[in-house]
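What the coordinates show
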Amino acid sequence: MQYLPIFTKLDNKPVLIIGGGEVALRKCRAFLQARGRVTLVAPEFCHELLEMAQEKTVTLVHDYFSPEQLDGQMLVIAATDLNAVNEAVFNAANERNIFVNVVDDQPKCSFIFPSIVDRNPITIAISSAGTAPVLARRLREKLETLIPQHIGPLAELVGSFRHKVKQRFKQFSDRRQFWESVFDSQVVSKVQTGDIDAASAQLDAMLNNTVEPEGEVYVIGAGPGDPELLTLKALQLMQQADVVVYDYLVSDEIMELVRRDADLICVGKRMGNHSVEQHDTNQLLVRLAKEGKKVCRIKGGDPFIYGRGGEEVQVLVANHVNYQIVPGITAAAGCAAYAGIPLTHRDHAQAIQFVTGHCKKDGQDLDWRSLAQPHQTLAVYMGVVKSPHIQAKLIEHGRAATTPVAIVENGTRKNQRVVTGQLGSLAELIEHNNIQSPALLIIGEVAQLHHELAWFGKQSQTSSFAQPLTDIA
Ligand SMILES: C[S@@+](CC[C@H](N)C(=O)[O-])C[C@H]1O[C@@H](n2cnc3c(N)ncnc32)[C@H](O)[C@@H]1O
């Protein structure tokens, strides 16, 4: 190990920066964040440093560097453009055994600034010992996405209980076991949802042995398929799950991201082929949560858009099960974006309606008069089978047969396919191109913009809506 990672408490200790420009300013800010007492030495200073000096946050010495300026300092930074000065600072610091950092000159650094993931009071520092700072920065970005924001408040809460826990458990091993159970408990999700009082009450209850292990259900929208469209929150909760209850619509790449040792339960749902009845899925979620498990209920797209998430959450509420809801990118948004079709556009569509082609068996028919209005876009979910009906009803209620349409099959996935045409031949387009589920219908003038704006998917098969059908098939 070339550098020993230590976290130092500056707490008003003196640090010196030789230099008065942008770089010096950046380093100065880092020291001030850690409450260092900063002095800067340079013949001239940038205006931000001059302002900071006026506010008495830093001390400026308008002078050239001389070695005695280092006396009594704890750390020194050389941030000048002049090699000779930087070298002189380095030598003077070494003679005095003061830690020194010459900016951008790693051999002349006895300490370095790591890349930091800041979840105060939790801090993660990453260093490549100066060999690959960009790589270290990339690693930091990865960690930023993986480490949830609530880790900071959680650490603070836990810190405020340390004394009580020490009083309650005299043995170190008992204390460790207690903390392990806390981090597996509802305390974490209560902090996550911002309810620090409830988290604190639960910690108290755990200390007093008056709490039963509680499960929880995370109702998560996984988006239309591209795993990179998952939200950070979805990913973090997927990593915590004991059990994952998922639909067919959730892509394999997304299922790869759930915690390795979680139990996986597929509850199906393909049109006309419900492998598990909705009632049974609802009861399954309640049962698993009551067993104290963390249950990830993953759904394609957004759970509250044609996802029956609302019904499931109603059952959880009725059964007093804790839950969180994580929105996902709905198919209309994902498919449209990846097909280069803006759902609204000042010149073409001032409104968008999300519609299902697959109503309840006893459901009323759709409001075709409203759906056939011009200057709007329709995003039709589950519309493939009913496409002849949709086409006929829209035209019957006044939508032009020449209205552009796009059918996006497997939107946002590697095998995405986009077929375009006109409303008057919607059903034939679907049949001739053998469109498979999942597919979304986009009806409206915006559909023609696909030809101009499409960017994703080499395999996209587009058929000009201006062409006769025989050219398309
Ligand atoms: C039961 S609905 C679920 C909708 C989901 N909750 C959402 O917000 O996207 C299923 C329908 O969504 C559409 N869909 C979902 N994912 C899709 C995808 N990757 N490509 C095209 N359509 C998709 C299809 O119309 C499919 O029949």
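It should be emphasised that the depicted structure is a prediction, and the values quoted were computed from it without experimental measurement.

1. Regarding the overall build of the protein chain
Along its length, the protein chain carries 18 helices and 17 strands. Rg of the C-alpha trace for the protein chain: 30 Å, well past the compact-globule value of 23 Å for 473 residues, more than 25% over. Across the 473 residues that make up the protein chain, the buried fraction comes to 46%. Within the protein chain, contacts between residues at least 6 apart in sequence are counted, and of these 63% link residues at least 24 apart. When the accessible area of the protein chain is evaluated, it comes to approximately 25100 Å², of which 51% is carbon and sulfur surface.

2. A few points about the domain arrangement of the protein chain
Taken domain by domain, the protein chain holds domain 1 (1-113), domain 2 (151-207), domain 3 (216-326) and domain 4 (332-472). Spacing between the C-alpha centres of domain 1 and domain 2 amounts to 40 Å.

3. Some thoughts on the site of the ligand
Taken together, 20 residues lie near the ligand, and I305, T330, A331, G411 and A439 sit nearest. The side chain of T330 places a nitrogen or oxygen atom 2.6 Å from an oxygen atom of the ligand. About the coverage of the ligand: the protein hides 91% of its 570 Å² of free accessible area. Counting residues per element, the ones that place at least two in the shell around the ligand are α13 (331-339) and β17 (439-443).

4. Overview of the sheet that holds strand β1 (residues 14-18)
In space, the five strands of this open sheet follow the order β3-β2-β1-β4-β5, with parallel pairing throughout. Sheet topology places β3 (59-62) and β5 (99-102) at the edges, where each strand pairs with a single neighbour. On average, each strand axis in the sheet is inclined to that of its neighbour by 15°, with strand direction left out of account. Relative to strand β2 (residues 37-42), β1 is paired through five bridges, and the arrangement is parallel. Its bridge partner being in β2, V15 is matched across the sheet by V38.

5. Digging into a nonpolar patch on the surface
A cluster of nonpolar side chains, F304, V317, Y323 and I325, forms an exposed patch at the surface whose accessible area comes to about 340 Å². Residue placement: Y323 occurs in strand β12 (residues 322-326).

6. Describing the UniProt feature "binding site: NAD(+)" (unreviewed entry) in the protein chain
If you check UniProt for "binding site: NAD(+)" (unreviewed entry), the listed places come out as E22, V23, P43 and E44 in our numbering. In this fold, P43 is placed in the loop between β2 and α2 (47-54). Leave out the neighbours within four places in its chain, and P43 touches H62, D63 and Y64. Relative to the helices and strands, E44 is located in the loop between β2 and α2. Taking the relative accessible area as the measure of exposure, E44 reaches 66% and is therefore exposed.

7. What to know about the state of the cysteines
Each disulfide is one covalent bond, formed between the sulfur atoms of two cysteines. For the structure on display, the rule yields zero disulfides. Unpaired in this structure, C46 has its nearest cysteine sulfur neighbour in C28, at a distance of 8.9 Å. The exposure class assigned to C46 is buried, which follows from its relative accessible area of 15%. With no disulfide of its own, C266 lies closest to C296 among cysteine sulfurs, the gap being 15 Å. Note on C266: relative accessible area 29%, which makes it partly exposed.

8. Focus: the side chain of Q236
Among the secondary structure elements, Q236 is positioned in helix α9 (residues 232-238). A relative accessible area of 12% places Q236 in the buried class. Here the side chain of Q236 touches T145 through a polar contact of 3.2 Å, landing on its backbone oxygen. Other than its neighbours up to four places away in sequence, Q236 contacts T145, L146, I147 and P148.

What counts and what doesn't
Residues numbered from 1 in each chain as written. Predicted model: local features only at pLDDT ≥ 70, side-chain atom pairs only at ≥ 80, totals over all residues. Heavy atoms only, no water. Helix = DSSP H or I, 4+ residues; strand = E, 2+ residues; numbered from the N terminus. Rg over C-alpha atoms; globule rule 2.2 N^0.38 Å. Buried < 20%, exposed > 50% of the residue type's maximum accessible area, 1.4 Å probe, protein only. Contact = heavy atoms within 4.5 Å. Areas by Shrake-Rupley, 256 points an atom, 1.4 Å probe, with all protein chains shown as cover. Domains from an automatic or database assignment. Near = heavy atom within 4 Å. Polar contact = N/O pair within 3.5 Å; in protein donor to acceptor, adjacent residues only side chain to side chain. Pairing = 2+ DSSP bridges. Axes fitted to C-alpha atoms, helices over the stretch in contact; angles between N-to-C directions. Patch = residues over 30% accessible without salt bridge, like charges linked within 9 Å, V, L, I, M, F, W, Y side chains within 5 Å. Salt bridge = Lys/Arg side-chain N within 4 Å of Asp/Glu carboxyl O. UniProt positions renumbered as here; feature names shortened; annotations may be inferred. Disulfide = S-S within 2.5 Å.

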